[in-house]
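# Examination of the molecular architecture
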Amino acid sequence: REGVTDVASYGVAAVERGDGDAVLVAMLSKQLGREGAARVVRRAAETERLELVEGAELPAGAREAAFVACYKDEAWSACTALAGHGLDLTIDLDDTAVLDMVFDFDFDDLNETDEELLRAVLSTGTHVREAVEGSPHLLEYCPNTLREDREFVLAAVAQDGDALQYSAASLREDREFMLAAVAQDGDALQYSAASLREDREVVLAAVAQCGYALKYAAASLLEDREVVLAAVAQDG
């Protein structure tokens, strides 16, 4: 234990003076372990010197453990820096770590740092689906690849139609996708492309799920007897 502390302290000191060679020497020590490596990585993140540990072969989970420690201590800038360098927060850590971090945010009062960190965490790909299913509005902070993912977005829309507003425009213009989306939450019609709000079949699917979705339909369909009756029938 003492040896680990000594090696970690040596590595931390090396980071603080910007000595990359010494940092690598510390990282190569078999005594360092994940805990000690995490201390060195954390210090590198805090001092904006992560490049000093980039070439090192880190013990599995060291970067992730450093991230979790920074998060718990509210060292937000270090968290953001670490998340931006790629993480797998399922590596020998509490599987709920990411979800706990995400749900800790006060979404009514997010500042720029919060948003940057949230995007970085969600870009790791760890438990993102579970997070978005629990809070569909998180789709806003997901990487473009996920906001373009049909199944991923549909899962969010199934929980809250308002999530559709954060999806890729290409999906909101896709007739087949929108038919599936409004079938899960009719209110999602409001975020579809204008041309689809004029599409009788799409609107019928929306009002069949939620009659009030009729207010999002194109004016021309408000005079369509079948569409109006379908809306009234759904909401009684």
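Look up: the structure comes first, before these words.
Residues numbered from 1 in each chain as written. Predicted model: local features only at pLDDT ≥ 70, side-chain atom pairs only at ≥ 80, totals over all residues. Heavy atoms only, no water.

The next subject is the overall build of the protein. Counting its regular elements, the protein contains 15 helices and 0 strands. Here the protein holds 236 residues, and 46% of them are scored as buried. Long-range pairs, those at least 24 residues apart, make up 53% of the contacts in the protein with a sequence separation of at least 6. For the protein, the exposed area adds up to about 11800 Å²; of that, 44% sits on carbon and sulfur atoms. (Helix = DSSP H or I, 4+ residues; strand = E, 2+ residues; numbered from the N terminus. Buried < 20%, exposed > 50% of the residue type's maximum accessible area, 1.4 Å probe, protein only. Contact = heavy atoms within 4.5 Å. Areas by Shrake-Rupley, 256 points an atom, 1.4 Å probe, with all protein chains shown as cover.)

Now for the packing of helix H13 (residues 175-184) against helix H14 (residues 200-209). The N-to-C vectors of H13 and H14 enclose an angle of 15 degrees; their axes lie 7 Å apart at closest approach. In this view, H13 runs roughly parallel relative to H14, as classed from their interaxial angle. The two elements H13 and H14 meet at a crossing, and its hand is right-handed. Facing Arg175, Leu179, Val182, Ala183 and Gln184 of H13, the residues of H14 in contact are Glu201, Val202, Ala205, Ala206 and Gln209. (Axes fitted to C-alpha atoms, helices over the stretch in contact; angles between N-to-C directions. Parallel < 35°, antiparallel > 145°, perpendicular 65-115°, else oblique. Left-handed = near helix turned anticlockwise from the far one by under 90°.)

Another aspect to go through is the pattern of salt bridges. Considering all chains together, one arrives at 11 salt bridges under this definition. Two residues, Arg17 and Asp19, come together in a salt bridge whose shortest N-O distance is 3.6 Å. Looking at Arg17, the relative accessible area reads 49%, which means it is partly exposed. Between Glu46 and Arg43 there is a salt bridge whose closest N-O contact spans 3.1 Å. Here Glu46 and its partner Arg43 are both found in helix H3 (residues 33-46), 3 residues apart, which amounts to about one turn of the helix. (Salt bridge = Lys/Arg side-chain N within 4 Å of Asp/Glu carboxyl O.)

Okay, unusual backbone geometry next. If a residue is not glycine, its phi is most likely negative; likewise, a peptide bond is most likely trans. Notably, Glu48 is not glycine yet its phi reads approximately 60 degrees, a positive angle. If you trace the backbone, Glu48 turns up in the loop between H3 and helix H4 (51-54). A relative accessible area of 71% means that Glu48 is categorised as exposed.

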